[in-house]
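Structure at a glance
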Amino acid sequence: MTAILTRPAWTTDLELEIFEKLLDKYAPHIPKKRCLRQATPTLEPRSPETDEERENFYRFRVAGAAHDLFIVQVCAKIIDSFADPELQLFLSRQIGDDGAHAQNTRLRAQAISGYDPIEDIQKQVQKHWDYMGDLPIRNWQGFLAFELHYELHIVALLFINNRTSKINDPDSAKFAAERILPDEAVHRLGVVDWWQHKFDQASPAEKEDLIAQVIKADEEGQRRRNPYLRDHWQLSQKAIGIEIDDLPVLYDAWRREVLSYFLDIPISRLPKLVSVND
């Protein structure tokens, strides 16, 4: 298999480098005090204190569990559609990891609220299905778009959460640092590896066709995700106090960087993409 030599390997260090570049360009006032990969960040957020804060944090935790459970459901539905055993093994890990993430978040929401949030979680999962429709399980292009949107395009938000959040649950933060962040890095790198194996084997003409297919599916995913993203960012601001004023421009710029890397073309060659504000 011929390796792609026109760009560096996708790593968590490269993610940080790209984000710092975007931050300098679009939001230099956002503090560079915490790092997505840092296990014990300085200036720890405080726990929710009032009834309103606990309610908002509960809703935020339910949304997080629903995000992970939706990933589990999508991967479980499509895993036998692929004949590639390496991809099946990767997806089986993704299912197990995100199932564990969702379960831990469910238990933390239960500890905060005093009751099992599983019904609230499933209602939110259904909203993901309502937004995304059959795109994640329609074909490999739709599934790749799903992986991009649920694993890679959200990284800018993860950085913003980590750097600007003011409220958190210590047990949730500990689990995130020790388990979720490393697992999610593996997932992102796995998606990159799957795509590169497919892309590397294509002829130049085939690559042009693949690029068009991926952009088309990713654009559909963005249009479908926009209402959810805007609502979720508002909830995140209420629940954990993150700064969201610069999120739209950072999200759009980060997504362009991801697609430029994935498709091995300059950002200037990308078509005008759907914005999160569209």
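See the structure printed just above.
Report on the accompanying structure. (Residues numbered from 1 in each chain as written. Predicted model: local features only at pLDDT ≥ 70, side-chain atom pairs only at ≥ 80, totals over all residues. Heavy atoms only, no water.)

1. Details of the packing of helix α8 (residues 170-200) against helix α9 (residues 204-240)
Two numbers describe a pair of packed helices, the interaxial angle and the distance between the axes. Just so we agree on the cut-off: What counts as an axis is a line fitted to C-alpha atoms, over the stretch in contact for a helix, and the angles between N-to-C directions run from 0 to 180 degrees. Only runs of H or I of at least four residues qualify as helices and only runs of E of at least two qualify as strands under DSSP, and these elements are numbered from the N terminus. Contact between two residues is taken to exist if any of their heavy atoms lie within 4.5 Å; hydrogens are not considered. Amino acid classes used here: Ala, Val, Leu, Ile, Met, Phe, Trp, Tyr, Cys and Pro are nonpolar; Asp, Glu, Lys and Arg are charged; the rest, including Gly, are polar.
One way to put it is that α8 packs onto α9 with a least axis distance of 10 Å and a crossing angle of 145°. Where α8 abuts α9, its residues W195, K198 and F199 lie against K207, L210, I211 and V214. Across the contact of α8 with α9, the residue classes break down as five nonpolar, no polar and two charged.

2. A few points about the side chain of Q222
This is how the line gets drawn: Here the term buried applies to any residue with accessible area under 20% of the maximum for its type, exposed to any over 50%, and partly exposed to those in between, with areas from a 1.4 Å probe on protein chains only. Here a polar contact is taken to be a pair of N or O atoms separated by no more than 3.5 Å, where protein atoms must pair a possible hydrogen donor with a possible acceptor and residues adjacent in sequence count only if both atoms sit in side chains.
With respect to the helices and strands, Q222 occurs in helix α9. According to the relative accessible area criterion, Q222 is buried, its value standing at 0%. One polar contact links Q222 to R255, side chain to side chain, over a distance of 3.5 Å. Apart from residues lying up to four places away in sequence, Q222 is in contact with H149, L229, Y251, R255, V274 and V276.

3. Here we look at the nonpolar core
What counts is decided by this rule: We call a set of buried residues a nonpolar core when its members are Ala, Val, Leu, Ile, Met, Phe, Trp, Tyr or Cys and they connect through side-chain atoms within 4.5 Å of each other.
With 74 residues, the main nonpolar core has W10, F143, L144, W195, W254, F262 and L263 as its most contacted residues. With 11 residues, the single largest contributor to this core is helix α2 (residues 51-78). Among residues more than four places away in sequence, those in contact with L144 are V191, W194, W195, V214 and F262.

4. Let's talk about the pattern of salt bridges
Threshold: Any Lys or Arg side-chain nitrogen found within 4 Å of a carboxyl oxygen on Asp or Glu counts as a salt bridge.
Evaluation of the coordinates by the stated rule reveals 20 salt bridges. Note that E219 and R255 form a salt bridge whose closest N and O atoms lie 2.7 Å from each other. Of the two residues, E219 is situated in helix α9 and R255 in helix α10 (residues 247-263); the sequence distance between them amounts to 36 residues. Just as E219 is buried, R255 falls in that class too.

5. Side note on the environment of L22
Structurally, L22 can be placed in helix α1 (residues 12-26). The class of L22 is buried, set by a relative accessible area of 5%. Remark: the alpha-carbon pair of L22 and M132, spanning 110 residues in sequence, is separated by 28 Å. Once you skip the residues sitting within four places of it in the chain, L22 turns out to touch A27, L250, A253, W254 and E257.

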